[in-house]
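Structure at a glance
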Amino acid sequence: MNAKRWGILCLSTIAVCIGFIATVNVVIDPFLHFHKPLAKLEYPLLDERYINDGIMRNYEYDAVITGTSMTQNFSVSQMNSLFNVTAIKVANSGATFKESADGIERAFSYNPNIKAIVMSLDLTRINRGKDDMEYSDYPTYLYDRNYLNDAEYVLNLQVLLKSVAVVNYTRAGNKTVSFDMYQNFDQWKSHGAATVLSQWERMPEISDEYRLTKEDYDQIVGNVNQNLAGMALTHPGTEFYFFFPPYSICYWDSLKRTAQLNADAEMKKKVCELLLSIPNVHIYDFSDNVSMIENLDNYSDALHYSAAVNDYILESMSEGKHELKTDTYEAYFDDIRNKYAEYDYSQIFE
């Protein structure tokens, strides 16, 4: 075989292989970039930062549950029933406000008729830079409408392996997971005092009180205004249901021992000050439910709660319980600060 024929054969083989990879990835589309799950295939729905945009792009919905892992155990069917909506759940573990807000704005770009957004206001994400992102290597080629850069997806050998995984998942008799179970980790977790306390190391006591600085306040204001207030103002026809996650008594013990109870209260007050004047914003806090927070049977670690707590949060939202108001939130958080300052932690830790 001469060099010319050899070259043509090699190029033809490469072209066939590229065409095969592209065809399989486009047809199966494991990250749902081009279409919803095919009728004859079952999808495991994994890799949230890769597949969430496809869900927002291709599913029919008028409500969105998003945020961090604090929202992953929500029951979408429960939200649909309580709020009379058709919701999707597209949380991202550890997401910053910027990441969640960017995702919500993409959802609006695909579907402008969103009635309701449920989103967690994680305490560890409030005092962060307005443009902070949790990770550095996002699959941004899946997040835009520029199909020219989709070569990174359709010609990707790792995506081909995901396509094969969809086929194997189907052959094994599995079913595409429902939105109730998508991202739900509660079923795999143990709960209770033994589990939580085995993972928890109490903080050493610090006498000097931590106070928020001007830089802290400036950062909080920038973060909330850009990623939360701006979003709610831009979409006045959508109801935004924000909530402070109800962390366990371990969290409160840590705040007390490190003299941060006042800083915690002031940070939440600032968030409420910036958001509660917006008519379509609702904020909820559950810190006053001490019996729930001190009961470690509700938790798998110091921060993460069971699906039953998620159910309670949605029920409370639908009934207007635990909602913060402009004329009461300051006194509420002062009371919460005092309540956990006076709490007898020895019953939990000693």
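Heads up: the structure comes first, above all this text.
This report concerns the structure included in the present document. (Residues numbered from 1 in each chain as written. Predicted model: local features only at pLDDT ≥ 70, side-chain atom pairs only at ≥ 80, totals over all residues. Heavy atoms only, no water.)

1. So, the overall build of the protein
Tallying secondary structure elements over the protein gives 15 helices and five strands in all. Taking all 350 residues of the protein together, the buried fraction comes to 52%. Sequence-distant contacts, at least 24 apart, represent 82% of the contacts inside the protein between residues at least 6 apart. As displayed, the protein has an accessible area near 16400 Å², and 53% of this comes from carbon and sulfur atoms. (Helix = DSSP H or I, 4+ residues; strand = E, 2+ residues; numbered from the N terminus. Buried < 20%, exposed > 50% of the residue type's maximum accessible area, 1.4 Å probe, protein only. Contact = heavy atoms within 4.5 Å. Areas by Shrake-Rupley, 256 points an atom, 1.4 Å probe, with all protein chains shown as cover.)

2. Remarks on the sheet that holds strand S4 (residues 239-244)
Within the open sheet, the five strands sit side by side as S2-S1-S3-S4-S5. Their pairing is parallel. In this open sheet, the two strands that pair with only one neighbour each are strand S2 (87-89) and strand S5 (281-285). Strand-to-strand twist of the sheet, defined as the mean angle between neighbouring strand axes without regard to direction, takes the value 15°. Contacts between helix H4 (residues 97-110) and the sheet are confined to strand S1 (63-66), strand S3 (116-120) and S4, with S3 contributing the most and set at about 165° to the helix. (Pairing = 2+ DSSP bridges. Axes fitted to C-alpha atoms, helices over the stretch in contact; angles between N-to-C directions.)

3. Description of the pattern of salt bridges
Overall, the coordinates contain 22 salt bridges when judged by the stated rule. Among the ionic pairs, Glu 266 bridges to Lys 269, the shortest N-O distance being 3.1 Å. Of the two residues, Glu 266 and Lys 269 are both situated in helix H11 (residues 261-275); the distance of three residues between them amounts to about one turn of the helix. Among the residues examined, Lys 269 registers a relative accessible area of 10% and is labelled buried. Close ionic contact of Asp 334 with Arg 337 constitutes a salt bridge, the shortest N to O distance being 3.4 Å. Of this pair, Asp 334 and Arg 337 both sit in helix H14 (residues 329-341), three residues apart, which is roughly one turn of that helix. Each of the salt bridges in this network shares a partner with another, and the network as a whole consists of Arg 125, Arg 128, Asp 132 and Glu 134. (Salt bridge = Lys/Arg side-chain N within 4 Å of Asp/Glu carboxyl O.)

4. Structural notes on the side chain of Gln 72
With respect to the secondary-structure elements, Gln 72 resides in the loop between S1 and helix H3 (76-83). Using a relative accessible area of 4% as the deciding quantity, one classes Gln 72 as buried. Engagement of the side chain of Gln 72 in a polar contact is seen with the side chain of Ser 93, the distance being 3.2 Å. Each residue touching Gln 72, except ones within four places of it in the same chain, is listed here: Glu 48, Lys 89, Ala 91, Asn 92, Ser 93, Tyr 182, Gln 183, Asn 184 and Phe 185. (Polar contact = N/O pair within 3.5 Å; in protein donor to acceptor, adjacent residues only side chain to side chain.)

5. Some details on the pairing of S5
Counted residue by residue, S5 has five buried out of five residues, so it is predominantly covered. Side chains of S5 alternate between two faces, with Val 281, Ile 283 and Asp 285 and His 282 and Tyr 284 buried alike. Direction of pairing for S4 relative to S5: parallel, over a ladder of five bridges. Each residue of the ladder has a partner; that of Tyr 241, found in S5, is His 282.

6. Digging into the environment of Glu 273
Examined against the element boundaries, Glu 273 turns out to sit in helix H11. A relative accessible area of 44% means that Glu 273 is categorised as partly exposed. At 3.2 Å, the side chain of Glu 273 forms a polar contact with the side chain of Lys 270.

7. Some remarks on the packing of aromatic side chains
Here the structure, examined in full by the defined rule, presents 19 aromatic pairs. With centroids separated by 6.4 Å and ring planes inclined at 20°, the aromatic side chains of Phe 34 and Tyr 147 adopt a geometry described as stacked. Of the two residues, Phe 34 is situated in the loop between helix H1 (3-28) and helix H2 (48-58) and Tyr 147 in the loop between helix H5 (123-126) and helix H6 (151-154); the sequence distance between them amounts to 113 residues. Judged by relative accessible area, Tyr 147 falls into the exposed class, the value being 51%. Relative to Phe 243, the ring of Phe 74 lies with its centre 5.8 Å away and its plane at 80°, an arrangement referred to as edge-to-face. A residue pair is termed long-range when its members are at least 10 positions apart, and Phe 74 in the loop between S1 and H3 and Phe 243 in strand S4 qualify at 169 residues. Neither residue differs from the other here; Phe 74 and Phe 243 are each classed as buried. (Phe/Tyr/Trp six-rings, centres within 6.5 Å; stacked < 30°, edge-to-face > 60°.)

8. A look at unusual backbone geometry
Phi is positive for Asn 84, close to 55°, though the residue is something other than glycine. Summarising the element assignment, Asn 84 is placed in the loop between H3 and S2.

9. Overview of the side chain of Glu 42
Within the fold, Glu 42 resides in the loop between H1 and H2. At a separation of 2.8 Å, a polar atom in the side chain of Glu 42 contacts the main-chain amide nitrogen of Thr 176. With residues up to four places along the chain from it excluded, the contact list for Glu 42 reads Val 166, Tyr 169, Thr 170, Asn 174, Lys 175 and Thr 176.

10. A few points about H3
Every α-helix carries 3.6 residues per turn, so stepping three or four residues along brings you back to the same face. Inspection of H3 places Val 76, Gln 78, Met 79 and Phe 83 among the buried residues, and these make up the whole buried set. Projection of H3 onto a plane perpendicular to its axis shows the buried side chains occupying an angular sector of 155°, all on one side. In this structure, the buried residues of H3 make contact with S1, S2, S3, S4 and helix H13 (307-319). In the segment just after H3, Asn 84 is the residue with positive phi, at about 55°. (Arc of directions from axis to C-beta.)

11. Some remarks on the packing of helix H10 (residues 249-257) against H11
As a packed pair, H10 and H11 sit with axes 7 Å apart at the nearest point and diverge in direction by 115°. Viewed along their axes, H10 and H11 adopt a mutual orientation that is roughly perpendicular. Only Leu 261, Asp 264 and Lys 268 of H11 make contact with H10, whose side of the interface consists of Tyr 251, Trp 252, Leu 255 and Lys 256. (Parallel < 35°, antiparallel > 145°, perpendicular 65-115°, else oblique.)

Treat this as a map of the structure, not an account of what it does.
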